[in-house]
Structure formats: structure tokens, C-alpha cells
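Listed below, chain by chain, are the residues.
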Amino acid sequence: MSDPMDLMANIKTKVILVGVGGATCSGKTTLAKHMKDILPNSVIVHQDDFFLPEDMLSTHQGLNTKNWDAPSAIDWPRIRKFLRDVKCIGGIPLDHISYDTSDDGRDVPIDENRADAWKTRFQDLGQRCLVAANTKVIWVLVDGFMLYWDQDVIRQLDVCIFLRVQEHILKERRETRFRVGPQPGVPWIDPEGYWDIICYPEYIVTHKDLFKDGKVETGEPNEGQVKGLLVIEPEAKEKMDMIDIVEVCLEKLTCAVSDLMGH
């Protein structure tokens, strides 16, 4: 009979990277934080932590303002390496500085009873995975507004989720939200015209390959770009509460754990 201490010493670690993408103000950070509160052994990586310095960004000549929404605004080599490091060590590197605030994204509450039921379910799944596969699962939630533009980043993600929200809702949220912007600690309000001329058009351009025929707002996912992409439309047909969205995502994650156990 095996010594329990020997089994503990030989426990494997499986890091599962979960992409949570969508346009700015689509609710992806809120979703990621609620999932983190439920999933054991989980951390969040925010793409917003990987902007290049402002002086390296391109300037939109018409508005005379920096373009924070083009692919060139992200330090792609750094985020690619960061995700590889996270997957290797099973956590956030100690020298990483995140500019996220703990309260940001938690202004939309969810049903605590339903959330607690999911916590119990994932704790049980984690324990069963330890017993059946001698493997500890670590969840890394990667939250980003341009998460599915870079193929290297896409390849590193094990589960891919995308929140698709109608443009008028995104615009209304953006215009009414006073937020911490791309520059760490600096409050940001869009310059006049930024949404219509830069932000939303860049979102369409950078996500055309994600959907069939380039139909970002209505098209089916393009399996050739991101395999198995889960697209959630919270405002389509019947409105979904945040807990409904969380549950759809968590149900998909249970499949990832079941695969580890050979189920």
C-alpha cells in the first residue's frame, strides 16, 4: 500500500488558462472576478497590465489623442512570456505589478446561494481530481479586451470565452463610467469622439477574424481562429443576469476537469 506522504510528494499540477474576452465594458472583468471568487486555487491576469508606455503609442491625427485600442498598444512579447511563466510556475510571478483595484468589477452582485453551490461543486471536483489523477488544478483567468488577436496567446489558452454585447449598450456603459484608464492610477475619460472614431472601430477590426464572414456583431465563431470559443450574449433574446453568465462559464470549466480524470 502506498504511503500517503509519498503520494503527496508526487502530486502533479495542471494549470488551466481560461480566456475571458470581449469589448471594453462588456462585463469581462466582473465575470472573471466572480469566477475567481468561486474557483479554488485561482488567479486573474489582466491584459490591461500589458499596455506599452504612452509615449510609444500611435497618435490619432484627427483627434490628436493616443490610440489605446489598437493591437500596437499592447506589449505582446511581454504578455506571451508572462502567460508561459504563469503556466510553468502555477501562479503570478512575484515581481508582477497589477494596476487593477480589488473593488473594480464587483459592482454587479450575484446570487450568493448559487455561487456557494458552485464553490462546493468545484471543491469536490478538485478533490476528486487529486484522488483520480493525482493532480492539483490551478485556474488562471486571463481577462482582456483584445485577447483573441494574437495567435501565440490564443494557443496558450485552454478554454476560451467571449462576451458579445450590443454596441449601444457598450457605449452607454463607457460614457457613464468614470474609470481608471490605461495609465496606472490616472482617471480616464474618453476625449470627444474617441468611442465612435477609435474605440469601437478598432474592436470591430481586431475581432473580424474571430467570426465567420467578419461579422463581429452577429456572426458565428470561426473555429479556424479559436477552437471551441464559447460566445455569450447577455443582452440577446432573454436578458441574462451575471450569475447566469457565471454558471454557463463554470459548466464549461467542469468539462476541462472531467477530461483530466478521463471522464
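Residues numbered from 1 in each chain as written. Predicted model: local features only at pLDDT ≥ 70, side-chain atom pairs only at ≥ 80, totals over all residues. Heavy atoms only, no water.

(A) The arrangement of the overall build of the protein in detail. When its secondary structure is counted, the protein shows eight helices and nine strands. With 263 residues in all, the protein has 47% of them scored as buried. If you sum the accessible surface of the protein, you get close to 13,700 Å²; carbon and sulfur atoms cover 50% of it. (Helix = DSSP H or I, 4+ residues; strand = E, 2+ residues; numbered from the N terminus. Buried < 20%, exposed > 50% of the residue type's maximum accessible area, 1.4 Å probe, protein only. Areas by Shrake-Rupley, 256 points an atom, 1.4 Å probe, with all protein chains shown as cover.)

(B) Layout of the nonpolar core. Within the largest apolar cluster, 44 residues are counted, with the highest numbers of intra-cluster contacts made by Val140, Val142, Tyr148 and Leu157. For this core, the secondary structure elements donating two or more residues are β1 (12–22), α3 (76–89), β5 (135–144), α5 (151–156), β6 (159–163), α6 (167–176) and α7 (194–207). In terms of residues, this core owes the most to one element, α7, which gives six residues. Apart from residues lying up to four places away in sequence, Val140 is in contact with Val15, Ile16, Leu17, Val18, Val43, Val45 and Val86. (Core = buried A, V, L, I, M, F, W, Y, C linked by side-chain atoms within 4.5 Å. Contact = heavy atoms within 4.5 Å.)

(C) How the structure looks around the pattern of salt bridges. A full pass over the atoms with the stated rule returns 15 salt bridges. As a salt-bridge pair, Asp158 and Lys87 come within 2.8 Å of each other at their nearest N and O atoms. Remark: Lys87 occurs in helix α3 and Asp158 occurs in the loop between α5 and β6; sequence separation between them is 71 residues. Judged by relative accessible area, which is 28%, Lys87 ranks as partly exposed. Between Arg114 and Asp244 there is a salt bridge, and its shortest N-O distance comes to 2.8 Å. Of this pair, Arg114 sits in helix α4 (residues 112–133) while Asp244 sits in helix α8 (residues 242–260), and the two are 130 residues apart along the sequence. Among the residues examined, Arg114 registers a relative accessible area of 31% and is labelled partly exposed. One continuous salt-bridge network, built from bridges that share partners, spans Arg114, Asp244 and Glu247. (Salt bridge = Lys/Arg side-chain N within 4 Å of Asp/Glu carboxyl O.)

(D) Structural view of the packing of aromatic side chains. All told, the structure shown has ten aromatic pairs when counted by the stated rule. For the ring pair Trp118 and Phe122, a centre distance of 6.1 Å and an interplane angle of 35 degrees mean the geometry is tilted. On the criterion of helical spacing, the pair formed by Trp118 and Phe122 is a turn pair, its members being four residues apart in helix α4. Across the pair, Phe122 and Trp118 agree in class, each one buried. An aromatic cluster of at least three residues, connected via ring pairs, comprises Phe51, Trp68 and Phe145. (Phe/Tyr/Trp six-rings, centres within 6.5 Å; stacked < 30°, edge-to-face > 60°.)

(E) The pairing of β6, seen in detail. Counted residue by residue, β6 has five buried out of five residues, so it is predominantly covered. Going residue by residue along β6, you find Val159, Ile161 and Leu163 tucked away on one face and Cys160 and Phe162 tucked away on the opposite face as well. Judged from the five bridges that link them, β1 and β6 form a sheet pairing that is parallel. Paired with Gly21 across the strands is Phe162, a residue of β6. In terms of strand pairing, β6 meets strand β9 (residues 230–232) through three bridges, oriented parallel. Within β9, the position partnered with Phe162 by the bridge is Val231. (Pairing = 2+ DSSP bridges.)

(F) Representation of empty space enclosed by the protein. This model, assessed by the stated rule, comprises one cavity of 30 Å³ or more. One number sums up the size of the largest cavity: a volume of about 60 Å³. Considering the residues around the largest cavity, the lining is formed by Ala23, Thr24, Asp69, Phe145, Met146, Cys199, Glu202, Tyr203, Thr206 and His207. Residue composition of the lining of the largest cavity, by class: five nonpolar, three polar and two charged. (1 Å grid on protein atoms, 1.4 Å probe; cavity = no way out; pocket = protein on both sides within 12 Å on 5 of 7 lines; lining within 4 Å. Points joined across faces, edges and corners; volume = space filled by probe spheres on them. Nonpolar A, V, L, I, M, F, W, Y, C, P; charged D, E, K, R; others polar.)

(G) A look at unusual backbone geometry. Phi at Asn134 takes a positive value of approximately 50 degrees, unusual for a residue other than glycine. Inspection of the secondary structure assignment puts Asn134 in the loop between α4 and β5.

(H) Representation of α3 in the model. End to end, α3 covers 20 Å across 14 residues, agreeing with the expected 20 Å (1.5 Å per residue, within 8%). What α3 keeps buried is the set Trp76, Ile79, Phe82, Leu83 and Val86. Taken down its axis, α3 places every buried residue within 125 degrees of arc, on the same side. Away from its buried face, by an angle of more than 90 degrees, α3 presents the exposed residues Pro77, Cys88 and Ile89. A positive backbone phi angle near 75 degrees is found at Gly90, which sits one or two residues after α3. (Expected span 1.5 Å × (residues − 1). Arc of directions from axis to C-beta.)

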